[in-house]
Amino acid sequence: MDTKIIRIESEQFPFSPKDEEILRQAGEVLKNGGLVAFPTETVYGLGGDGLNRESSKKIYAAKGRPSDNPLIVHICRLEDIGRIVKDFPEAAKKAASAFWPGPLTMILPKSDAVPSETTGGLDTVAVRFPSHPAARKLIEYGGGYVAAPSANLSGKPSPTAAKYVIEDLDGRVDMILDGGGSVIGLESTIVDMSVTPPRILRPGFITFRMLEAVLGKVDIDVTIIEPDSDQAPKAPGMKYRHYAPKGILTIVEGAPGKVVEYVNRKAAMDKAAGEKTGVIASDDYAKGYRADAVKRVGSRREEESIARNLFTVLREFDDEGVTKIYSESFESQGLGQAVMNRLLKAAGHRVVKV
Ligand code: TXA
Ligand code: MG
């Protein structure tokens, strides 16, 4: 398949006539059952018409994703939600008015309008109303209900720039819209609103505390906080191997001096064995590491910067052929909880305490 790759300059409304026309054409592709990858404020999405079962099947095929792993349906107007959910409870309305448009996905009982292909056979549907202007315009032109997982091949880190989408999906989708780098860099927070109290299934930019402030009591899926839990995660996608770089990633936890010493010792041994070594470092300690590629993700106090850079850095290690990667461990509160959740998955839960 010939994939059209088009740059858009659409960080804000109103768009230029040229961008408006590109988004209109992209919307036509969606309405005709095609696939369009597009920027959102979290990560790039791989969009298809969420109400068309054939489009959802195409999404699974393009990503190489198991079809029991449901898709998120993206909307661009709050009033549109009525068509796809059976019930929009008071608590969900509150969360919507606090956090939509934005990086929050809500699980709600689905209506018959949503085909089971889109929800992986579940009787609930994941709904998100993104804030990214181009995403919203595309959804509008695409018919209002765009199913979109992250625009990576299954198992790879979610793409935070169009070049990573191109790496994974060129030739597999109709169109890729390049809207520059993702502002948040981690996927949306998922909260299950079909249960009481609401339960966080995937941590993200909207944190536990932010949700609690609006909703009162909120639960959190144990598999997020206890990585060794035997329980299956409630978001089917969370059980799959994820975000994995090609190199072997180990998280090193402990007092800063000890972490640096351990990483340098291991990296020296790896190098002697012919490996190419990399470190995911905070600005605070980056200078102390000795490895082939030391990548800074930001200051330890700036969780937003760490979140934004994590997936990009994992992709860069792949591009540079790094075979052994070590990472500092980060706070597991606030946004750091989302960072650690993704990092632990990328590391296959390989953590060394020093
Ligand atoms: O930020 C995001 O959410 C991005 C952008 C493109 O919007 N999308 C995204 O989609 O991360 P995806 O497909 O990569 O992740 C969706 C997650 C999966 O873990 C899936 O299992 C879960 O949401 N999910 C979807 N529908 C669900 C449902 N009905 N019940 C429980 N989990 C669900
Ligand atoms: Mg994904």
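Quick caveat, the model's predicted, so the values are computed rather than measured.

Here is what the cut-offs are and how they apply
- Residues numbered from 1 in each chain as written.
- Chains lettered and ligands numbered in written order.
- Predicted model: local features only at pLDDT ≥ 70, side-chain atom pairs only at ≥ 80, totals over all residues.
- Heavy atoms only, no water.
- Helix = DSSP H or I, 4+ residues; strand = E, 2+ residues; numbered from the N terminus.
- Contact = heavy atoms within 4.5 Å.
- Polar contact = N/O pair within 3.5 Å; in protein donor to acceptor, adjacent residues only side chain to side chain.
- Pairing = 2+ DSSP bridges.
- Axes fitted to C-alpha atoms, helices over the stretch in contact; angles between N-to-C directions.

Colleague: Could you clarify how one ought to interpret the environment of Asn 52 in this entry?
Modeller: Note on placement: Asn 52 falls in the loop between β3 (45-49) and α2 (53-63). Placed 63 residues apart in sequence, Asn 52 and Pro 115 show a C-alpha to C-alpha distance of 7.0 Å. Leave out the neighbours within four places in its chain, and Asn 52 touches Gly 33 and Pro 115. There is a polar contact of 2.8 Å between the side chain of Asn 52 and the backbone nitrogen of Glu 54.

Colleague: How should the sheet that holds strand β14 (residues 293-296) be read in this particular structure?
Modeller: Neighbouring strands of a sheet are bound in pairs by backbone hydrogen bonds; such pairs are parallel or else antiparallel. Ordered by their spatial adjacency, 5 strands build an open sheet running β14-β13-β15-β12-β16, and the pairing between neighbours is parallel. Whereas interior strands pair on both sides, the edge strands pair on one side only; in this sheet they are β14 and β16 (351-353). Averaged over neighbouring strand pairs, the angle between their axes works out to 25° when direction is ignored. For strand β13 (residues 277-281) and β14, the ladder comprises 4 bridges, and the chain directions are parallel. Residue Gly 278 lies in a different strand from β14, and its bridge partner there is Ala 293. Packing against the sheet, helix α8 (residues 256-272) makes contact with β12 (248-253), β13, β15 (324-328) and β16, and its axis sits at approximately 175° to β15.

Everything listed here is a matter of coordinates, which is why it stays silent on function.
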